[in-house]
Each structure stands twice: as C-alpha cells, then as structure tokens.
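The primary structure of each chain is shown beneath.
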Amino acid sequence: MKENNRNHMTLQFAAKSENESFARVTVAAFVSQLDPTMEEITDLKTVVSEAVTNSIIHGYEENPEGIVTISASIEEDTVTLVIEDKGRGIEDLELAKQPLYTSKPELERSGMGFTIMENFMDEFDVASEVGGGTSIRMKKRIVSKKALYN
Amino acid sequence: MNLHMETARHRETLIVRLSGELDHHTADLVRMRMDEEIGREGCRNLLLSLKSLQFMDSSGLGVILGRYKLIKQKGGKMVVSDVNPPVFRLLEMSGLFKIMSIYENESSALSELEVAL
Ligand SMILES: Nc1ncnc2c1ncn2[C@@H]1O[C@H](COP(=O)(O)OP(=O)(O)O)[C@@H](O)[C@H]1O
Ligand SMILES: [Mg+2]
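Along each chain, the written sequence defines residue order, and numbers are assigned to residues from 1. Chain letters and ligand numbers both follow the written order, the letters beginning at A and the numbers at 1. Local features in a predicted model are, by the rule used here, given only for residues with pLDDT of at least 70; side-chain atom pairs are given and counted only at 80 or more, and totals for whole chains, interfaces and linings are based on all residues. Side-chain descriptors were evaluated using all non-hydrogen atoms of the structure, hydrogens and water having been removed beforehand.

## Description of the site of ligand 1
Residue and element names in this part refer to chain A.
Logical step 1: Around ligand 1 sit 18 residues, and of these Asn54, His58, Thr102, Ser103 and Gly111 come closest.
Logical step 2: What qualifies as a polar contact is a pair of N or O atoms within 3.5 Å, subject to a donor-acceptor requirement within protein and to the restriction that residues adjacent in sequence count only when both atoms come from side chains. A distance of 3.5 Å is found between an oxygen atom of ligand 1 and a backbone nitrogen or oxygen belonging to Ser110.
Logical step 3: Take Gly113: an N or O atom from its main chain is 3.1 Å from an oxygen atom of ligand 1.
Logical step 4: The Shrake-Rupley method, run with a 1.4 Å probe, gives the accessible areas here. Residue values count only the displayed protein chains as cover. Calculation on ligand 1 without its partners gives an accessible area of 530 Å², and the protein chains cover 96% of this total. The criterion for a residue being near a molecule or strand is simple. One of its heavy atoms has to lie within 4 Å of it.

## Looking at the UniProt feature "domain: Histidine kinase/HSP90-like ATPase" (unreviewed entry) in chain A
Logical step 1: UniProt positions are given in the numbering used here, feature names are shortened, and annotations may be inferred rather than shown by experiment. UniProt records the feature "domain: Histidine kinase/HSP90-like ATPase" (unreviewed entry) at residues 39-144 of chain A, using the numbering of this structure.
Logical step 2: Here residues 39-144 of chain A is 32% helix and 31% strand, with 10 Å between the C-alpha atoms at its ends. Runs of E in the DSSP output that reach at least two residues are strands. Runs of H or I that reach at least four are helices, and both are numbered from the N terminus.

## Overview of the environment of Arg6(A)
Residues and elements named next belong to chain A.
Logical step 1: The residue Arg6 is located in the segment before β1 (7-14) in this model.
Logical step 2: Exposed residues in this analysis have more than 50% of their type's maximum accessible area, buried residues have under 20%, and partly exposed residues fall in between, with area computed by a 1.4 Å probe over protein chains only. A relative accessible area of 41% means that Arg6 is categorised as partly exposed.
Logical step 3: Through-space distance from the C-alpha of Arg6 to that of Asp77 is 9.8 Å; in sequence the pair is 71 residues apart.
Logical step 4: A contact between two residues is defined here by any heavy atoms of the two lying within 4.5 Å. Among all residues touching Arg6, those that are not within four sequence positions of it are Ser73, Ile74 and Glu75.

In structure tokens form, the structure reads like this:
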C-alpha cells in the first residue's frame, strides 16, 4: 500500500497588517519540508503577502475584526494555498486582474498583486462574491534542491 | 518593526537605504519618513539603495512609484541601486525600469546623477 504523503495545515488570524509577515513566514516554514530553493520560498512568501494584504486592505478595509484564513496542503511535490476572507468581495474580476488596476489609488497601491500571484504560481484562481468574500486558490510545484543536485 | 531606513545627502541627492522587509505594514512609515526628507530644502534627486532589502511585495512598488511622482514634480531624477534578484524581478514585472534607471552601486548612481545636472 502506498504511504499517504499528503500534509496540510490551516491558519487563521485577525486582519491586521502586523500579521502579514507572520503569514509569510509560517507558510514558508510549512513548505520547507519539500526542500524548496530560495527562489521558490521567495515566490511563495510574496504571493502569500499579496493575498493577505488584499484581504486586509480591500476585503475588510482594515477592520481588524475580519478574519483571514490560509489553508496550505502538500501533495507529492505540489503546494496548494487557499487564502480566504469574508469581506466585501470583488465586483468585476476581469478588471481587478488587469496589471496596474487598483480601486484604491489614494492609498498608493500599485495594482500589481494579482499579476504577481499569476506570474509566481503555476495555477491561480479567484472566486469572489460581492458581500460574501474572496477566495484565492494557487498551486506551485516545488522542484526542490535535491532534484537540482541529483 | 522589521524595516530599517537610513538617509544621507550627497549635494542635491537624497540617498535612502532600506533594509529588512518592505510590505503593507512597513510601507506607511517609509512613505512618511521619505516624504519628510524629500520636502527639505535643496533636495532634488532621490537614490534608493536596496542592498539589504530582504523582502518586498507590491506595496513596496506602490511606495517607489509614489516617490517617483513626487521627485518628478520637483523636476528631479529618481534612480535605484544595489537591487537583488527577487526585487529586480518585481521591478521588471511592473515596468519600473522604463521610467527609472538602475545602477550597480551607490557611487555609480551618484556620478550619473551629477553628470545629468
Ligand atoms: N480580497 C479582496 N477583497 C476585495 N477586493 C479585492 C480583494 N483582492 C483584490 N481586490 C480588488 O482587486 C484589485 C486589484 O488587486 P491587486 O492586483 O492586488 O492591486 P492593489 O492591491 O494594488 O489594488 C484591488 O484594487 C481591489 O479592488
Ligand atoms: Mg494587492
């Protein structure tokens, strides 16, 4: 019988900007069991930071009572991340995904969050409901250092 | 806070050295402190030195673009130096190098800025 090599974790925290670095570091630590390269770690930290920041700024408009949930799972050599909020949701997804589009230019947002997530991950999906919240699902295959040295 | 900012002046150029992590949480402070320095008399150009910046995301891009606009309004030039590979990738993706020059180190950036005067 094949050993079950799936692993997973769930993390929930208040929508406070202090928790952005906590979220990145926690996901990176969880994924370290796949022995990722520095570049892979940076990619994962960056996309976590983007999605969590979006939940805090756009989803909850900085209301710290909001809750952000991250689920991470590992299956074989692939990491799946789901980052969710129960915030205000996105009206026009196509528009939101355009590079440089931001609904909050007054906060000096760059509008590059979704573009970065799309570029750094192998798979990227957004589900959102106005008034219901937003869920980002992303996957990345970790090539790992071991594979490079073999 | 996991971000450190150091400033220096070289003639009309403000040098800002960032180390640590530039994200949404640390962006506000960096923005405020940079604008205070940019507003000082005799400051025309901005050199952003990123040698020890360990992490940056799109919130950092927003800070850089915002400062670029300010400096341009003042008729000055903004450049960056000592950019590490992960930060380079972000700057490239957002098209920042189309509007801003990048230099290997502070001294080459400074000598270019002086020639441009
Ligand atoms: N979790 C979210 N909840 C509500 N709106 C969102 C969320 N994530 C993104 N958006 C919308 O999508 C736009 C684009 O997001 P992004 O590419 O990260 O740019 P930025 O965060 O710089 O505005 C945002 O300006 C916002 O309108
Ligand atoms: Mg964003």
